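# Residue-level structural notes
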Amino acid sequence: METEFQKNRNQSEENVEEHTAELVKINEQLQQEITDRKRVEAILKESEERYHALYDLIPLMYFTLDTEGTILTVNQFGLKHLGYEAKELIGKPVVDIFYESDKKAVMEKFNTFLKDPTQVGKWDFRKVHKDGHIIWVQETVRLMRDSNNRDIVLIVCEDITERKRIDEALQISKERYEMAMQAAKVGVWDWNLQTGEFYLDPNIKAILGYADEEIPNDIEIWTTYVHPDDKQPVMEAAQAHIEGRTPEYIYEHRMLHKDGSVRWIFVRGKAIRDAKGNTIRLLGTDTDITERKQAEEALRQANLVVENSPAVLFRWKAVQGWPVELVSENVIQFGYTSEELLSGEISYASLVHPDDLERVAHEVQKHSGSGVKHFQQEYRIITKDGRVRWVDDRTVIERDTNGQITHYQGIVINITERKLIEKELQKYRERLEEIIKERTAELTAANEQLKQEITERTWIKKALLESEKQYRGLFENAIIGIYKTTPDGKIVVANPTLVKMLGYSSFEELAEHNLEKEKFTFYERSLFKEMLEQDGEIIGLESKWIRKDGNMLNVVENTKAIRDKNGKIIHYEGTVEDITKQKKLEANIQELREELVHVSRVTTMGEIVASLAHEINQPLTAILSNIQAAQRFLDGNTPNLDEVSEILSDVVKDNKRAVEVITRLRALLKKDVINFRPLDINEVIKEIISFVQSDMIRKNVAIVTELVANIPLILGDRVQIQQVILNLIMNGAEAMADTEPAQRKLIIRTEKQDEQNVKVAVQDLGTGFNVDTIEHMFDPFYTTKPKGIGMGLWISRSIIEVHKGFLQAENNSDKGATFWFVIPAGKLEKS
Amino acid sequence: MSELTPIIYIVDDNTSVRKSLERLITSMDFHVETFTSAQEFLRFNRPDIPCCLVLDIRMPGISGLALQEELAIANYTIPIIFITGHGDISMSVRAMKKGAVDFLTKPFDDQDLLDAIHKAVEQDKSTRQEQSEISEIQKSVDSLTSREREVFALVVTGMLNKQIAYTLKISEKTVKVHRARAMQKMHAKSFAHLVRMADKVGIEK
């Protein structure tokens, strides 16, 4: 029993201990909680104070309302801004402080807001200051719960009066401006022909910059504002309609603005007639179309650029043969008229060189399928008279809304000249680098220039691709100068390129000068004007212009006379292209050509160097042997002085001969400027034969001369003519390499073609030439010899051409070929 | 001048060179004959006097080298000194291979020419000496009877009398007689001398 009790007691004690521990723990938690709350309370208090300060200081009006719309609180700024004390507002309906005519709308907004208080309301209304002035406000409204769990409305209200005022002012001035603009564009007029009464809408006067009262409603006075040049035709047009000769009175003419500028007016009128058909009134409208006219003028000037440029604009239909739908007039440079192409008479495909057509078609197809917008090609075009022209074609692909290709639009630029120069330069570069290393730098420079030109052209091509509105940009940035003057020399238009080309800083500066009265061109201007009067245009005139700094400018000019209806010239329009660079390039090429002539000559001389050594050694041998013989004679016992004297005279002769050979040789090897002198062609031939004689002996070639006596003198460069004959002799000898040695005969013949012309022929008995090669044998770098560089015949021909003659070749009827040239006989003239 | 003064032939198409060479060689105490072309030289009837040929290599018509070949074909031995305006190595090699004495490049020194001429004339003289010796021997050979010639031909091969007798099917005594006669007719001083002479004229069996 006792054990039982003991057991219970122990149990109770255990329980008490357990509870006590629990109580201690709870107490600790409570302590902690109290500390936390105090800290939170401190934070909250601080926050509230801060918030209060903000509430009163911020430049926004704060209101709290109950759901009835009664004001509960207002912040300090709100009271101050509206001019009230707190007690005057608190407890009052908020609607009271709104502008009378807004009150109904305010209530509606407020009630709508309360129906769906989850969203934030925002509205603009007018409030009234205590002193009565109106304040525009923008209110942001939000529903909240207060500490008593009641719904309250918080309104944040911003003064937007100033903003409203500015907006309104802006709106008004904009409307006024538009109205004014509208008014100034068109106006009506009414002319009673019976009473002479004339009504003129103030709008029309406004077009010219006048107020209504500044111009009286009088037809006579009104017509004085018409541009003097247009007055007559305007009146005639009106008269024609009044008399019933035209269905409507329509005319575009110029009028004079108050500020001195010219405005374009489109007039449209209709006559009102009585029963007999007499016109009693004429009424209609005047519309200001100056802007349109200006746009048209810009377009016309842009067209001028296009028509004068090497770039032809095309629009082709994307069907077989590419029929032309649109083409610029300057397609005439390929010999075709725009009419021929537009009528479908000639398809574009037939213009393309047959060898290029397949490639062009293939490329067009390739690009069309690839989805690109534009592409570029170079190919050849055959002009109407059969000449070949290289063109650069930049094509834009036009697609309809379904993505189907409907048209191609493109610019085709004649780049033949560029191609030729490129080709020529290419050839020079490839083959001459080794021979004329020191010229490489110059060639590179020339090439650079060319590249720059190409870059410029590429640029203009791109610019052309752009739409009409960019034409003006083209006018200003064109690489050619464009101008328009009056016949008495006033400069009306000049693009920046021309201004810069002539060395002026601005168009205005240039326009102060007179193109006719001051010295702008190097030629006689009156003659030029006479030609222009006669032909209407002068195309491709190469001339020189004078810059502001007095320097000369090499240019190509195109000029057109613009006439009025009566055929009187009113303007000159023209383009001026600076070709100074091009000229320099040509000069470089000329220099290279001369270099080439020299190099080729020296090369040929190298081939006969053995022969030349022989030619010099002969007299030297004779001299040495003679002198040594003389010494031996003099050393003898009875010297024969007559013999010695004879020897010495022979020595002198041989010495002269040696000197002569060396002098001529030096002349042939020297690089000299071309020097025209009267020459006896027979002597020239004999001299060159003396050089090659020994070489010909070695080659077993017999030279036979048939030189006609009393041949007229030719005017030429001895060295260069000898070079030609030397080339022909060497070629002839070469052609006979496979001929039986005993048969190798070269006949050099001179003839009097007639009194004015001398013919020189070199005839061989060799293999003759293949008929196919005749087309190419005068081309540079064309050769049939394994070691030849192929310059000989090309240079020979160019030399003869410089001498105003011609060089030709033909096969002999039996064996071999004959090369012959004709040079005009000439007297020495200073050129 | 004695009859033995050598003649120098000059062939050159260039007049002033030809004339100056004529003077120079004359001044060296030679006889000189000049020709303007190879054809002219070939037509010339040359006397039997020591000589040499100064020949320009490059001439129209028959060139110097062609003339050299032609003379070789005609079995006419004459020492040739070539002169040329330009030192063409392949040409000079060709000329020297065919027996030219010298090859002079214009212009040349008189001493070089003189040396070359002396060398050429000496060569011609010894050739002529040889030629006359051979014709003397040939005369002796021609004086032999046919049997003497047969024995002579076998003797110089080094055969013994006994062998010769057997070969010719005659008695040894007869061989001895023919041998003694041949030695006498050939003016042979010794057996060795006889063999040398046989070598020069090319005696065969």
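Residues numbered from 1 in each chain as written. Chains lettered and ligands numbered in written order. Predicted model: local features only at pLDDT ≥ 70, side-chain atom pairs only at ≥ 80, totals over all residues. Heavy atoms only, no water.

## As for the overall build of chain B
A count of helical and extended segments in chain B gives nine helices and five strands. Along the chain direction, N to C, the helices and strands of chain B fall in the order β-α-β-α-β-α-β-α-β-α-α-α-α-α. Every one of the 205 residues in chain B was classed for burial, and the buried ones make up 45%. Residue pairs at least 24 apart in sequence account for 63% of intrachain contacts in chain B once pairs closer than 6 positions are excluded. (Helix = DSSP H or I, 4+ residues; strand = E, 2+ residues; numbered from the N terminus. Buried < 20%, exposed > 50% of the residue type's maximum accessible area, 1.4 Å probe, protein only. Contact = heavy atoms within 4.5 Å.)

## Here we look at the sheet that holds strand β24 (residues 745-752) of chain A
Residues and elements named next belong to chain A. Strands sit in the order β22-β24-β25-β27-β26 across an open sheet of five strands; the sheet is mixed. Across the chains shown, the open sheet's two edge strands, defined by having one partner strand only, are β22 (702-706) and β26 (806-811). For this sheet, the mean inter-axis angle between neighbouring strands, taken without regard to orientation, is 15°. Helix α21 (residues 681-698) contacts β22, β24 and β25 (757-763) of the sheet and is inclined by roughly 175° relative to β24. Against the sheet, helix α23 (residues 792-802) makes contact with β26 and β27 (817-824), and its axis sits at roughly 135° relative to β26, the strand it touches most. (Pairing = 2+ DSSP bridges. Axes fitted to C-alpha atoms, helices over the stretch in contact; angles between N-to-C directions.)

## Remarks on the side chain of T486 of chain A
All names here are of chain A. Position of T486 relative to the elements: it lies in the loop between β16 (481-485) and β17 (491-494). On the accessibility criterion, T486 (16% relative accessible area) is buried. For T486, the side chain forms a polar contact with the side chain of D488, separated by 2.5 Å. (Polar contact = N/O pair within 3.5 Å; in protein donor to acceptor, adjacent residues only side chain to side chain.)

## Considerations on unusual backbone geometry
With omega at -10°, the peptide bond leading from K106 of chain B into P107 of chain B counts as cis. The topology assignment puts P107 of chain B in the loop between β5 (102-105) and α5 (110-143). The backbone of N700 of chain A sits at a positive phi, close to 60°, despite the residue not being glycine. Among the structural elements, N700 of chain A can be located in the loop between α21 and β22.

## Section: the environment of M736 of chain A
Residues and elements named next belong to chain A. Looking at where M736 falls in the secondary structure, it is placed in the loop between α22 (718-735) and β24. Given a relative accessible area of 0%, M736 falls into the buried group. For M736, the contacting residues outside a window of four places in its chain are V701, R744, K745, L746, D764, L765 and G766.

## Topic: the interface of chain B and chain A
With 22 residues of chain B at the contact, the number on the chain A side is 25 residues. Between chain B and chain A, a total of about 2200 Å² is buried, with carbon and sulfur atoms accounting for 52% of that surface. Contact with chain A buries surface across chain B, with R23, R58 and P107 of chain B losing the most and accounting together for 33% of the total. In this structure, the connection of chain B to chain A is made through five salt bridges. Among the ionic pairs, R23 of chain B bridges to D650 of chain A, the shortest N-O distance being 3.0 Å. Applying the counting criterion to the chain B and chain A interface returns eleven residue pairs in polar contact (both at pLDDT 80 or more). Elements supplying a minimum of two residues to the side of chain B that touches chain A: α1 (15-27) and α5 of chain B. For the side of chain B that touches chain A, the element with the highest residue contribution is α1 of chain B, accounting for eight residues. Residue composition of the side of chain B that touches chain A, by class: nine nonpolar, seven polar and six charged. (Buried area = accessible area lost by both parts, 1.4 Å probe. Salt bridge = Lys/Arg side-chain N within 4 Å of Asp/Glu carboxyl O. Nonpolar A, V, L, I, M, F, W, Y, C, P; charged D, E, K, R; others polar.)

## Quick notes on the pairing of strand β6 (residues 186-192) of chain A
For a regular strand, side chains alternate in direction, first toward one face of the sheet and then toward the other. All names here are of chain A. Among the seven residues of β6, five are classified as buried, and the element is accordingly described as predominantly covered. Alignment of β6 against strand β10 (residues 279-288), held across seven bridges, turns out to be antiparallel. Residue pairing for β10: N192 is matched across the bridge by R281. Here β6 pairs with strand β7 (residues 198-200) via three bridges, running antiparallel. Counted as the bridge partner of W189 is L200 from β7. Between β6 and β7, which follow one another and run antiparallel, lie five residues, and G196 among them has a positive phi close to 80°.

## Brief notes about a nonpolar patch on the surface
All names here are of chain A. Together, I674, F676 and V802 give the surface a local cluster of nonpolar side chains, amounting to about 210 Å² of exposed area. Along the chain, the position of V802 falls in helix α23. Among the residues examined, V802 registers a relative accessible area of 43% and is labelled partly exposed. (Patch = residues over 30% accessible without salt bridge, like charges linked within 9 Å, V, L, I, M, F, W, Y side chains within 5 Å. Areas by Shrake-Rupley, 256 points an atom, 1.4 Å probe, with all protein chains shown as cover.)

## Here's the deal with the packing of α22 of chain A against α23 of chain A
If you want to describe how two helices pack, look at the angle between their axes and the distance between the axes. All names here are of chain A. Two elements in contact, α22 and α23, have axes whose closest approach is 9 Å; the angle formed by their N-to-C orientations is 145°. Considering only the axes of α22 and α23, their crossing is left-handed. Residue-level inspection shows Q720, I721, Q723, V724, N727, L728 and N731 of α22 in contact with α23, the latter providing G792, L793, I795, S796, I799 and I800. Looking at the contact of α22 with α23, its residues break down into seven nonpolar, six polar and no charged. (Left-handed = near helix turned anticlockwise from the far one by under 90°.)

## Regarding the sheet that holds strand β14 (residues 388-399) of chain A
Residue and element names in this part refer to chain A. Strand order across the open sheet formed by five strands is β12-β11-β15-β14-β13, with antiparallel pairing between neighbours. Both edges of this open sheet fall to β12 (324-327) and β13 (374-382), since each of them pairs with a single strand only. Shown here is a sheet whose adjacent strand axes are inclined to one another by a mean of 25°, direction ignored. Note that β13 and β14 share nine bridges and pair antiparallel. Among the inter-strand pairings, Q377 is bridged to a residue of β14, identified as D393.

## Section: the state of the cysteines
This model, assessed by the stated rule, comprises zero disulfides over all chains. C52 of chain B supplies the cysteine sulfur nearest to C51 of chain B, a cysteine that is in no disulfide, at a spacing of 7.0 Å. (Disulfide = S-S within 2.5 Å.)

## Some details on the nonpolar core
Ranked by size, the top nonpolar core spans 51 residues in total, and within it I681, I725, I729, F819 and F821 of chain A carry the most contacts. Considering every element that reaches this core, the biggest residue donor is α22 of chain A, with nine residues. Counting residues in hydrophobic clusters, the runner-up holds 30 residues, among them V651 of chain A together with I81, L113 and A120 of chain B. (Core = buried A, V, L, I, M, F, W, Y, C linked by side-chain atoms within 4.5 Å.)

## Some thoughts on the packing of helix α7 (residues 161-168) of chain B against helix α8 (residues 172-185) of chain B
Residues and elements named next belong to chain B. Following both chains from N to C, one finds α7 and α8 inclined at 105°, their axes separated by 8 Å at the closest point. Classed by the angle they form, the pair α7 and α8 counts as roughly perpendicular. In this structure, α7 contributes N161, K162, I164 and A165 to the contact, and α8 contributes E172, V175, K176 and R179. Its residues assigned to classes, the contact of α7 with α8 comprises three nonpolar, one polar and four charged. (Parallel < 35°, antiparallel > 145°, perpendicular 65-115°, else oblique.)

## Topic: the pattern of salt bridges
As enumerated under the stated definition, the model contains 48 salt bridges over all chains in all. Between R698 of chain A and D695 of chain A there is a salt bridge, with its nearest N and O atoms 3.1 Å apart. Taken together, the residues R698 of chain A and D695 of chain A, both in helix α21 and three residues apart, mark about one turn of the helix. One salt-bridge network, held together by shared partners, links E643, E646, D650 and K653 of chain A together with K19 and R23 of chain B.

## A few points about the packing of aromatic side chains
Residue and element names in this part refer to chain A. Per the counting criterion, the structure on display carries 18 aromatic pairs over all chains. Relative to Y249, the ring of W189 has its centre 6.3 Å away and its plane inclined at 65°; by these criteria the two rings are edge-to-face. One end of the pair, W189, is in strand β6; the other, Y249, is in strand β8 (residues 249-256), with 60 residues separating them in the sequence. The exposure class of W189 is buried, given its relative accessible area of 7%. Its relative accessible area of 6% is what places Y249 among the buried residues. When the ring of W316 is compared with that of Y348, the centres are 5.0 Å apart and the planes differ by 55°; the resulting orientation is tilted. Highlighted residues: W316 in strand β11 (residues 311-317) and Y348 in the loop between α10 (338-342) and α11 (354-370), separated in sequence by 32 residues. Here W316 and Y348 have matching classes, each one buried. Taking the ring centre of W264 as reference, the NZ or CZ of K293 above it sits at 4.2 Å. In this structure, K759 packs its charged tip against the face of W820, placed 4.4 Å from the ring centre. (Phe/Tyr/Trp six-rings, centres within 6.5 Å; stacked < 30°, edge-to-face > 60°. Lys NZ or Arg CZ within 6 Å of the ring centre and 35° of its normal.)

## Some details on the confidence of the model for chain B
Close inspection of predicted coordinates is inappropriate for parts of the model with low pLDDT. Residues and elements named next belong to chain B. When pLDDT is averaged across chain B, the result is 87; 96% of the residues are at 70 or more. Mean pLDDT per element in chain B: helix α4 (residues 89-97) is the minimum at 79, and strand β1 (residues 7-11) is the maximum at 95. The complex prediction reports pTM at 0.42, with the ipTM value standing at 0.76. (pLDDT = per-residue confidence, 0-100.)

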